2 protein chains.
Amino acid sequence: MKQIHCDWFMTANNWTAKIIDGKEIAEGIRSRIASEVSRMKELIGQVPGLAVILVGQRRDSETYVRNKTIASEEVGIKFKMIVFPENCTECEVCNALCRFNEDPSIHGILVQLPLSEHLDEAKILSVISLEKDVDGFHPLNIGNLAMQGMEPLFVPCTPKGCIELLLQSGVEIMGKKAVVIGRSNIVGLPTSLLLQRHHATVTVLHAFTKNPEKIAREADILVSAAGVPNLVRGSWVKPGAVIVDVGTNPIEDQISEHGYRLIGDVCFKEATRIASAITPVPGGVGPMTVAMLLCNTLESAKRAFNFT
Amino acid sequence: MKQIHCDWFMTANNWTAKIIDGKEIAEGIRSRIASEVSRMKELIGQVPGLAVILVGQRRDSETYVRNKTIASEEVGIKFKMIVFPENCTECEVCNALCRFNEDPSIHGILVQLPLSEHLDEAKILSVISLEKDVDGFHPLNIGNLAMQGMEPLFVPCTPKGCIELLLQSGVEIMGKKAVVIGRSNIVGLPTSLLLQRHHATVTVLHAFTKNPEKIAREADILVSAAGVPNLVRGSWVKPGAVIVDVGTNPIEDQISEHGYRLIGDVCFKEATRIASAITPVPGGVGPMTVAMLLCNTLESAKRAFNFT
């Protein structure tokens, strides 16, 4: 495990941030999961099962789901998917979820977000059985994540991936000032709760925050989950800070294969000259989210089969 | 409703903070609750019921429970209490809670905290039926408080009281920098979540925070719930800040009637010269906690009787 030494007095221009390689770290995690799945299969003849529901044809959602399918199959997790058309009803989605809830071969269920506007996201997510909520978005899970002395059944994948990136890069979290940009239920909020669980001093920035640049510049650990391309400029970064860029914003790009490419919330070029370490987009948090999903699915199956 | 004008450039010595009178504000709230309870009694012949469990003989806990009894009776809420000896078992407490859960004349149940060390607080609290959890400490409630688009059944009393004090004093919360000192499950955490729900930019300080004084001094709204007498000195306060002092620390005082008196986390003398408004101890948050408990019990009874 490498230590990142942060020299707070170094001038901005002398710095070149270490790139935190999410792809490589995720690969290591996936390989450990694959071993565990084999061991499970050998010893009890069972494998974990993951079910995904996709609504509509958002190109980013399709990419994410494709990545999840491939990753699951690679580690030996059984993958089931149902695709609904954009104009499907809440009832159809809920019925599919109920069937997955009752299916003993399924240990993790997720609904790819965001959903079309006519569907009530909270209502649909609340149908997922707590024991199979591998995304960890159930309010009870979030409550247990927030409270001291409690343990959530699952830690939401992207936040868990962010912390794992920090830990595996040797970044100490305890006592550090952490700033999270964005307070969404699926990333910003649980990431802030998780950082606090690791004893960081956490500030959450959002649309109503005045002078976010100044507050961000005080962060030892800066997590951006705003979904705004290039929001975080060099001037937002404290020299030597560690940056986790959760933004995955598709922008038009005629040269790239699919006509678009993903960029982060952070202006990478500027930030690398000031930060001590940074996650790239793509290849940073993205692969970790998928790895953590597999991790949660394995955990769930282990609980279901009482397998240790 | 009076507006508090914060003149950030005023020098510290010229300032005298407005005292936020929690006793008076709580009185207004209790009087509205009393009217509602009478109306309920008149129209459907029912009143709300509150049950409290007290373990042991902590003098501060006894004071709190006595205040709750008196306040309930004054507004017409039926009050039931069970006192257990210090060395009671988890099982005895849980059995009593189950009986209250099933009692249709009871709409709010609370266990006076802290409990003796040999009792598992989380386990005991989890027995309280969600619909009667007027303290709002259930993880599902906390999760719903934390998440955007969700509504908790009950907002925990002390945090709700803090926000109510701010609102009724005309303090705008949206866009303000709020710092909460302490991250307990019962005050610090839910207060930070509630301030964020009101669109403040929130930072939570705790035992591992480095240089808390500096961070506190940036707060427009400073809430202290650390339980450390005189922790917050004048140098912790931004000129013109609004201070909510949740600390109620008993200190020996031979002159006072019971041999002790309560003081806050904030060095009141110093802070009043720098803040624009401050809650005193006693007479600030304390009376509000009790008023909010009555408020939650009334809400619960209204839900149970489908009374609007």
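Remember, predicted model here, so these are calculated numbers, not experimental data. (Residues numbered from 1 in each chain as written. Chains lettered and ligands numbered in written order. Predicted model: local features only at pLDDT ≥ 70, side-chain atom pairs only at ≥ 80, totals over all residues. Heavy atoms only, no water.)

## Some words on the nonpolar core
- Residues L195 of chain A together with L166 and L195 of chain B are the most contacted members of the largest nonpolar core, which totals 116 residues.
- Among residues more than four places away in sequence, those in contact with L195 of chain A are I163, L166, I173, A178, V180, A200, V202 and V223 of chain A. (Core = buried A, V, L, I, M, F, W, Y, C linked by side-chain atoms within 4.5 Å. Buried < 20%, exposed > 50% of the residue type's maximum accessible area, 1.4 Å probe, protein only. Contact = heavy atoms within 4.5 Å.)

## Quick notes on helix α10 (residues 285-305) of chain B
- Between the first and last C-alpha of α10 of chain B there are 30 Å, a value that for 21 residues agrees with the 30 Å anticipated at 1.5 Å per step.
- One or two positions beyond α10 of chain B, positive phi appears at N306 of chain B, with a value near 55 degrees. (Helix = DSSP H or I, 4+ residues; strand = E, 2+ residues; numbered from the N terminus. Expected span 1.5 Å × (residues − 1).)

## Remarks on the sheet that holds strand β2 (residues 49-55) of chain B
Residue and element names in this part refer to chain B.
- Strands sit in the order β3-β2-β4 across an open sheet of three strands; the sheet is parallel. Edge positions in the sheet fall to β3 (78-84) and β4 (108-111), since each has one partner strand and no second. Taking the axes of each pair of neighbouring strands and ignoring which way they run, one obtains an average angle of 15 degrees across the sheet.
- By the bridge criterion, four bridges tie β2 to β4 in an arrangement that is parallel. By the bridge assignment, A51 is partnered in β4 with I109. (Pairing = 2+ DSSP bridges. Axes fitted to C-alpha atoms, helices over the stretch in contact; angles between N-to-C directions.)

## Let's talk about empty space enclosed by the protein
- Across all of its chains, the model carries three cavities of 30 Å³ or more by this definition.
- Estimates place the volume of the largest cavity at around 130 Å³.
- Lining the largest cavity are L189, S192, L193, Q196, V202 and V204 of chain A together with L189, S192, L193, Q196, V202 and V204 of chain B.
- Elements supplying a minimum of two residues to the lining of the largest cavity: α7 (188-197) and β6 (201-205) of chain A together with α7 (188-197) and β6 (201-205) of chain B.
- Looking at the lining of the largest cavity residue by residue, the class counts come to eight nonpolar, four polar and no charged.
- Contributing to the lining of the second largest cavity are 13 residues, with K177, T203, I215 and E218 of chain A together with T203 of chain B lying nearest its centre.
- Among the elements of the structure, β5 (177-181) and β6 of chain A together with β5 (177-181) of chain B are those that each provide at least two residues to the lining of the second largest cavity. (1 Å grid on protein atoms, 1.4 Å probe; cavity = no way out; pocket = protein on both sides within 12 Å on 5 of 7 lines; lining within 4 Å. Points joined across faces, edges and corners; volume = space filled by probe spheres on them. Nonpolar A, V, L, I, M, F, W, Y, C, P; charged D, E, K, R; others polar.)

## Description of the domain arrangement of chain A
All names here are of chain A.
- The domains assigned to chain A are domain 1 (12-20 + 169-286) and domain 2 (44-128).
- Placing the centre of domain 1 and that of domain 2 at their C-alpha centroids yields a distance of 28 Å.
- Each side of the interface is counted separately: domain 1 has five residues, and domain 2 has four residues.
- Looking at the side of domain 1 facing domain 2, the largest losses of area belong to I186, P250 and Y260, adding up to 61% of the total buried there.
- The interface formed by domain 1 and domain 2 contains zero salt bridges. (Domains from an automatic or database assignment. Buried area = accessible area lost by both parts, 1.4 Å probe. Salt bridge = Lys/Arg side-chain N within 4 Å of Asp/Glu carboxyl O.)

## Section: the interface of chain B and chain A
- Across the boundary between the two partners, chain B contributes 34 residues, which contact 34 residues of chain A.
- Summing the contributions of chain B and of chain A, the shared interface buries around 3100 Å²; its carbon and sulfur component is 59%.
- Between the two partners, chain B and chain A, sit 15 residue pairs in polar contact (both at pLDDT 80 or more).
- Its residues assigned to classes, the side of chain B that touches chain A comprises 16 nonpolar, 13 polar and five charged. (Polar contact = N/O pair within 3.5 Å; in protein donor to acceptor, adjacent residues only side chain to side chain.)

## With respect to the UniProt feature "domain: Tetrahydrofolate dehydrogenase/cyclohydrolase NAD(P)-binding" (unreviewed entry) in chain A
- In this numbering, the UniProt entry assigns the feature "domain: Tetrahydrofolate dehydrogenase/cyclohydrolase NAD(P)-binding" (unreviewed entry) to residues 156-304 of chain A.
- Span residues 156-304 of chain A is 35% helix and 19% strand, its end C-alpha atoms 19 Å apart. (UniProt positions renumbered as here; feature names shortened; annotations may be inferred.)

## Considerations on the UniProt feature "domain: Tetrahydrofolate dehydrogenase/cyclohydrolase catalytic" (unreviewed entry) in chain A
- Per the UniProt record, "domain: Tetrahydrofolate dehydrogenase/cyclohydrolase catalytic" (unreviewed entry) is found at residues 20-135 of chain A.
- With 52% helix and 16% strand, residues 20-135 of chain A has its two end C-alpha atoms placed 24 Å apart.

## Some words on the sheet that holds strand β2 (residues 49-55) of chain A
Residue and element names in this part refer to chain A.
- Pairing is parallel across the open sheet formed by three strands, whose spatial order is β3-β2-β4. Strand pairing shows two members of the sheet lacking a second neighbour, β3 (78-84) and β4 (108-111), which therefore form its edges. Taken pair by pair, the neighbouring strands of this sheet meet at an average axis angle of 15 degrees, ignoring direction.
- With seven bridges connecting them, β2 and β3 associate as parallel partners. Across the sheet, residue G49 finds its bridge partner in β3, namely K78.

## Quick notes on the packing of aromatic side chains
- Summed over all chains, the structure comprises zero aromatic pairs over all chains.
- Between R303 of chain B and the ring centre of F154 of chain B, over which it is positioned, the NZ or CZ distance is 4.8 Å. (Phe/Tyr/Trp six-rings, centres within 6.5 Å; stacked < 30°, edge-to-face > 60°. Lys NZ or Arg CZ within 6 Å of the ring centre and 35° of its normal.)

## Digging into a negative patch on the surface
- Taken together, the side chains of D21, E24, E27, E73 and E74 of chain A make up a negatively charged region of the molecular surface.
- For the negative patch, the elements supplying multiple residues, two or more each, are α1 (22-44) and α2 (59-75) of chain A. (Patch = residues over 30% accessible without salt bridge, like charges linked within 9 Å, V, L, I, M, F, W, Y side chains within 5 Å. Areas by Shrake-Rupley, 256 points an atom, 1.4 Å probe, with all protein chains shown as cover. Lys, Arg positive; Asp, Glu negative; His and termini not counted. Charge placed at Lys NZ, Arg CZ, Asp CG, Glu CD.)

## Some words on the relation of the copies chain B and chain A
- With an RMSD of 0.0 Å, the fit of chain B onto chain A corresponds to turning through 180 degrees and sliding 0.0 Å along the axis. What the superposition gives is, in effect, a two-fold axis relating one chain to the other.
- A shared interface surface links the copies, since 100% of the contact residues of chain B are contact residues in chain A too. (Least-squares fit on C-alpha atoms with pLDDT ≥ 70 in both.)

## Things to note about the confidence of the model for chain A
- Put simply, chain A has an average pLDDT of 93, and 95% of its residues get 70 or more.
- Note on residues 1-12 of chain A: pLDDT under 50 across the span, and 27 contacts to partners over four residues away in sequence or across chains. (pLDDT = per-residue confidence, 0-100.)

## Let's talk about the environment of L113 of chain A
Residue and element names in this part refer to chain A.
- Along the chain, L113 turns up in the loop between β4 and α4 (121-127).
- Between the C-alpha atoms of L113 and I53, which are 60 residues apart in sequence, the distance is 9.4 Å.
- In contact with L113, other than residues within four places in its own chain, are S61, E121, L125, F137 and I186.

## Some points on the side chain of D253 of chain B
Residue and element names in this part refer to chain B.
- By secondary structure assignment, the location of D253 is in the loop between β9 (249-252) and β10 (260-263).
- Looking at D253, the relative accessible area reads 15%, which means it is buried.
- At a separation of 3.0 Å, a polar atom in the side chain of D253 contacts the side chain of R261.

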